[in-house]
Amino acid sequence: MAKTSDIKKGFTFKKDGKMYTIIDFLHVKPGKGGAFVRTKVKNIETGQVIDMTFNSGERLDDIRLEKHGYQYLYSEGDKYYFMHNESYEQMFLTKDDLNGKEFYLKENADVDLLSVEGKVIDIEVPMFVELKIEETEPGIRGNTVSGGSKPAVCETGLKIDVPLFIEEGDIIKIDTRKDEYVERV
């Protein structure tokens, strides 16, 4: 059993027979009354996001989260295939399961799949990925590093703003946590 003081992003727990994971939280200490924790949680089975409030010191039935290393193999339609790094078993996740992280997947990329009671709930991609620019407007002569930005489409379909000096064919480093351009490789 965990207390409300143990709540953090990614914390998983069971309440009323349903499994939830914390997306965001805020500890609140009002002037009158007791402290409480306001949270935004995601139902693991349905994907529904709801708000929950817990009184300070309330106990939660925490769930053990398992993390396994996988290698991304390929995609076929809306299915993305992965291979376990140790047992070589293959499995697939749908585009909905990836929650937008499919744009950071290149063939043979190593990722971690997070699961609860055998059900995959999330995927952890590397903090930085290197992707090739497939489509962008041409740069204008005289543009410098400190200039503006323009939209670009990467090899995986990710749309991102890049500096004006970036051209098609360039490989760039992207911060997957913020969806931002970092540098040209």
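A brief structural summary.

Some details on the pairing of strand β7 (residues 66-76)
Argument step 1. Strand direction decides the pairing type here: β7 and strand β10 (residues 110-116), joined by six bridges, are antiparallel. When the bridges of β10 are listed, H68 appears paired with L113.
Argument step 2. Here β7 pairs with strand β8 (residues 79-84) via six bridges, running antiparallel. Within β8, the residue paired with Y70 across the bridge is H84.
Argument step 3. In this antiparallel pair of consecutive strands, β7 and β8, the connection spans two residues, and G77 shows a positive phi of 70°.

Quick look at the sheet that holds strand β16 (residues 180-184)
Argument step 1. Read from one edge of the open sheet, five strands run β14-β13-β12-β15-β16, paired in antiparallel fashion. Of all the strands in the sheet, the pair left with one neighbour each is β14 (159-163) and β16. If you compare each strand with its neighbour and ignore which way they point, the axes differ by 55° on average.
Argument step 2. As defined by bridge partners, strand β15 (residues 171-175) adjoins β16 across four bridges and the pair is classed as antiparallel. Along β16, the bridge assignment pairs I172 with R184.

Let's talk about the environment of F128
Argument step 1. Among the structural elements, F128 can be located in strand β12 (residues 128-136).
Argument step 2. F128 gets classed as partly exposed once you look at its relative accessible area, which sits at 37%.
Argument step 3. Each C-alpha atom of the pair F128 and V182 lies 8.7 Å from the other, and the pair is 54 residues apart in sequence.
Argument step 4. If near-sequence neighbours (up to four positions away) are discounted, F128 is found in contact with K173, I174, D175, T176, R177 and V182.

Comments concerning the sheet that holds strand β5 (residues 49-55)
Argument step 1. Pairing is antiparallel across the open sheet formed by six strands, whose spatial order is β1-β6-β2-β3-β4-β5. Only two strands of the sheet have a single neighbouring strand rather than two, namely β1 (2-3) and β5.
Argument step 2. Looking at chain direction, strand β2 (residues 12-15) and strand β6 (residues 59-62) are connected through two bridges and run antiparallel. Within β6, the position partnered with K14 by the bridge is D61.

Section: the nonpolar core
Argument step 1. F82, L105, I123, C154, V162, I172 and I174 are the most contacted members of the largest nonpolar core, which has 24 residues in total.
Argument step 2. Of all the elements in the fold, those that place two or more residues in this core are β7, β8, β10, β12, β13 (149-154), β14 and β15.
Argument step 3. Among the elements that take part in this core, β12 stands out by supplying three residues, more than any other.
Argument step 4. Dropping the residues within four chain positions of it, I174 is found in contact with Y104, M127, F128, V129, L131, C154, L158, I160, E180 and V182.
Argument step 5. Within the second largest apolar cluster, 11 residues are counted, among which are V37, V41, M52 and F54.

What about unusual backbone geometry?
For residues besides glycine, phi is generally negative; the peptide bonds are generally trans as well.
Argument step 1. The residue N108 is not glycine, and still its phi comes out positive at about 70°.
Argument step 2. One non-glycine residue with positive phi stands out, namely D179, at about 60°.
Argument step 3. With respect to the secondary-structure elements, D179 resides in the loop between β15 and β16.
Argument step 4. Given a relative accessible area of 40%, D179 falls into the partly exposed group.

Definitions and cut-offs
Residues numbered from 1 in each chain as written. Predicted model: local features only at pLDDT ≥ 70, side-chain atom pairs only at ≥ 80, totals over all residues. Heavy atoms only, no water. Pairing = 2+ DSSP bridges. Helix = DSSP H or I, 4+ residues; strand = E, 2+ residues; numbered from the N terminus. Axes fitted to C-alpha atoms, helices over the stretch in contact; angles between N-to-C directions. Buried < 20%, exposed > 50% of the residue type's maximum accessible area, 1.4 Å probe, protein only. Contact = heavy atoms within 4.5 Å. Core = buried A, V, L, I, M, F, W, Y, C linked by side-chain atoms within 4.5 Å.

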